[in-house]
Amino acid sequence: MEEVRVRFPPSPTGYLHIGGARTALFNWLFAKKHNGKLILRIEDTDEERSTQASIDGIIDGLQWLGIDWDEGPYFQTEFAADHIAAANRLLASGHAYKCFCTKETLEQKREAALADKREFGYDGTCRHLTAKDVLQQEQQGIPSVIRFKVPVRPGVLSYDDQVLGCIERAYTDIEDFVIVRSNGKPLYLLCNVVDDIRDRITHVLRGQDHMSNTTRQVLLYEALQAKLPVFAHMPLTMDLQKRKISKRSHGEVVAVQFYREKGFIPWALCNFLCLLGWNPGTEQEFFTREELIEAFSLNRISRVNSVFNFKPGDPKFFTDPKLIAINEHYLRTMDLGELGDLVRTELEQANLWDPAYEDSKRNWYLATLNLIRDRFHTLKDFTAAGRAYFSDEYDIDPKPLAKNVTKYPELAIWLPQLAERFAALAEFNTEETERVSRELADELAVKPGVLINGMRTVLTGQLAGPSMFEIVTTLGRDKVVTRLRRIEHLLASA
RNA sequence: GUCCCCAUCGUCUAGUCUGGUCCAGGACACCGGCCUUUCACGCCGGCAACACCGGUUCAAAUCCGGUUGGGGACGCCA
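Along each chain, numbering runs from 1 in the same order as the chain's sequence is written. Working convention: letters from A go to chains and numbers from 1 go to ligands, in the order in which they are written. Residue-level local features of this predicted model are given only where pLDDT is at least 70; pairs of side-chain atoms are given and counted only at 80 or more, and the full residue set underlies all totals for whole chains, interfaces and linings. With hydrogens and water set aside, each side-chain value is computed from the structure's full complement of heavy atoms.

Topic: the protein's contact with RNA strand B
Keep this limit in mind: We call a residue near a molecule or strand as soon as one heavy atom of that residue lies within 4 Å of the molecule or strand. Any pair of N or O atoms that falls within 3.5 Å is considered a polar contact. Within protein, one atom must be able to donate a hydrogen and the other to accept it, and sequence-neighbouring residues count only if both atoms are side-chain atoms. Numbered from the N terminus, helices here are DSSP runs of H or I no shorter than four residues, and strands are runs of E no shorter than two. Just so you know the grouping, Ala, Val, Leu, Ile, Met, Phe, Trp, Tyr, Cys and Pro go in nonpolar, Asp, Glu, Lys and Arg go in charged, and all remaining residues, Gly too, go in polar.
Around RNA strand B lies a shell of 68 residues, among which Asp46, Ser212, Gly277, Asn279 and Arg375 are the nearest. Near-protein atoms of RNA strand B (within 4 Å) split between backbone and bases, with sugar and phosphate holding 73%. Take Arg243: an N or O atom from its side chain is 3.3 Å from a phosphate oxygen of RNA strand B. One nitrogen or oxygen atom from the main chain of Met468 is found 3.3 Å from a base nitrogen belonging to RNA strand B. For the surface near RNA strand B, the secondary structure elements donating two or more residues are α4 (103–115), β7 (165–170), α7 (211–223), β12 (306–307), α12 (321–333), α18 (448–460) and α19 (468–475). The element contributing the most residues to the surface near RNA strand B is α12, with four residues. Taken together, the residues of the surface near RNA strand B sort by class into 24 nonpolar, 17 polar and 27 charged.

Here's what the structure looks like:
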């Protein structure tokens, strides 16, 4: 059987956004599923808008997501000779012609047609120029573009889309499109096809926004006498207002980089993205890489555009809540060693990393992550809400401070008393610490919760957290005693 | 304006091809309850959808037609 070869061809005119990442992911899954190859091809023929920073950002984003490719990155501009040769072949075979209409003229015609609410495609002015006319114009030094000559045929052009089924379009609805600029540089429509033919691409999996390109490109394949790849157009990703998401109108929330900065687990993003416009046909929602590759298939891609559900300005839903939920799931269930590596990066960035976490304190490190990860949303929480586990310098959240500490001024005496009992304990474990805590509460005739919640606030700075006596034993006697003793300073400064 | 695509809970979606097992299932979100030393964990429960009209049929979310709605494309961008 023929080898499956797919490609991801981003244009380097901005960062990698989630729509592009999803396209890359689907291609990657398809390649893996069929033991095929994924080719990364940077389509940089738009010299004015392509930037090195974009190229770096895209590659960086793909690598972070774990989407690897088998060939490339190729750069489209390196194959300019192929594109020009193809254009000349089309010219020679009568599939294309030179057009001397100026941009200005065409623009005027377009505007006039638009104003009259008429069809505004190219009117074919230069299509029937004789060889003599062409020569004459060229001798006068009039610049020209090359246009593809859409065949005059009755009926419709059709291709079989793996997602949408049979797609048809009347030949008469397709205008003669430009394939080479007047400066001699070939355009996307042509370059893309020439490259796909050269790279022996068997399946073109891209967004539905390319559908009108596809009909024209089918014509190009035919004229170049190349075998048609299989096409599959996937639904687009929209915002809540059903607008196609874009960097320009949505900003960083649609950038892959944003999720990296916000502490998302790369595979969680992949898992979320693949569920946007695809489903396995079962109720499974979480997948390992192997499971997802196994489950993936083109015919389960949805035909309907999906909404990336985020509300700008809402801090709780700064991105799609389902993405947050999936991230939380992985945070809670993933292999502790792997989580340890991810959190290490966070701690290092926050200057909280202790090399001993890799050896002598390894067990403590992993046990602590396991204890606190249950209530966290992103990797950033380990250095924010979880800071007190890794540093003695942490802030007390004002909310629990008011609710659990300043509301009971006597805690300034009680907690140091508790500290002394902890210090005197023969065994510092969950049972013993709980026992003496309840004992003291009893003697003081207060509810244990007063002591316990006050303790949580002082020890961790947080309103919520794991079971108190798990926290106490995790932090260790020294830190607990020290922190409980200094409550007076805390209250004085509060 | 022209062409193309699409239409199930707030969101992601199952079910549509092969009509009956669907007074429509799951997940997220939301609401309520439970657990509890807290809670952002966990458990249990609830709310919530077949765009509309017509046709075919014993039977339609499912097939057909129309309407409406949404999206995409219409560049010497990719």
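So, α4
Heads up, the rule is: Working rule for helices: expected span equals 1.5 Å times residues minus one.
With 13 residues, α4 extends 18 Å between its outermost C-alpha atoms, agreeing within 8% with the 18 Å of an ideal straight helix rising 1.5 Å per residue. Of the residues trailing α4, Lys117 is marked for its positive phi of about 55°.

Points about a positive patch on the surface
What counts is decided by this rule: Patch definition: residues above 30% relative accessible area lacking any salt bridge, with like charges linked at up to 9 Å and the nonpolar side chains Val, Leu, Ile, Met, Phe, Trp and Tyr linked at up to 5 Å. Here the open area of atoms and residues is found with the Shrake-Rupley method and a 1.4 Å probe, where only the protein chains shown may cover a residue. The term salt bridge refers to a side-chain nitrogen of Lys or Arg lying within 4 Å of a carboxyl oxygen of Asp or Glu. Positive charges come from Lys and Arg, negative ones from Asp and Glu, while His and the chain ends are left out of the count. By convention, the charge on Lys lies at NZ, on Arg at CZ, on Asp at CG and on Glu at CD. Per-residue accessibility, obtained with a 1.4 Å probe over protein chains only, is compared with the maximum for each type, and a residue is labelled buried under 20%, exposed over 50%, and partly exposed between these values.
A cluster of like positive charges, contributed by Lys399, Lys403, Lys407 and Lys447, occupies part of the molecular surface. Owing to a relative accessible area of 55%, Lys407 belongs among the exposed residues under this scheme.

Some points on α19
Stated precisely, the cut-off is as follows: The contact criterion used is simple: two residues touch if any of their non-hydrogen atoms lie within 4.5 Å.
Burial analysis of α19 places six of its eight residues in the buried class, which makes it a mostly covered element. Of all the positions in α19, only Met468, Phe469, Ile471, Val472, Thr474 and Leu475 are classed as buried. Looking at the buried positions of α19, the neighbouring elements they touch are α14 (362–372), α17 (430–444), α18 and α20 (477–485). Positioned one or two residues after α19, Gly476 has a phi angle of 95°, which is positive.

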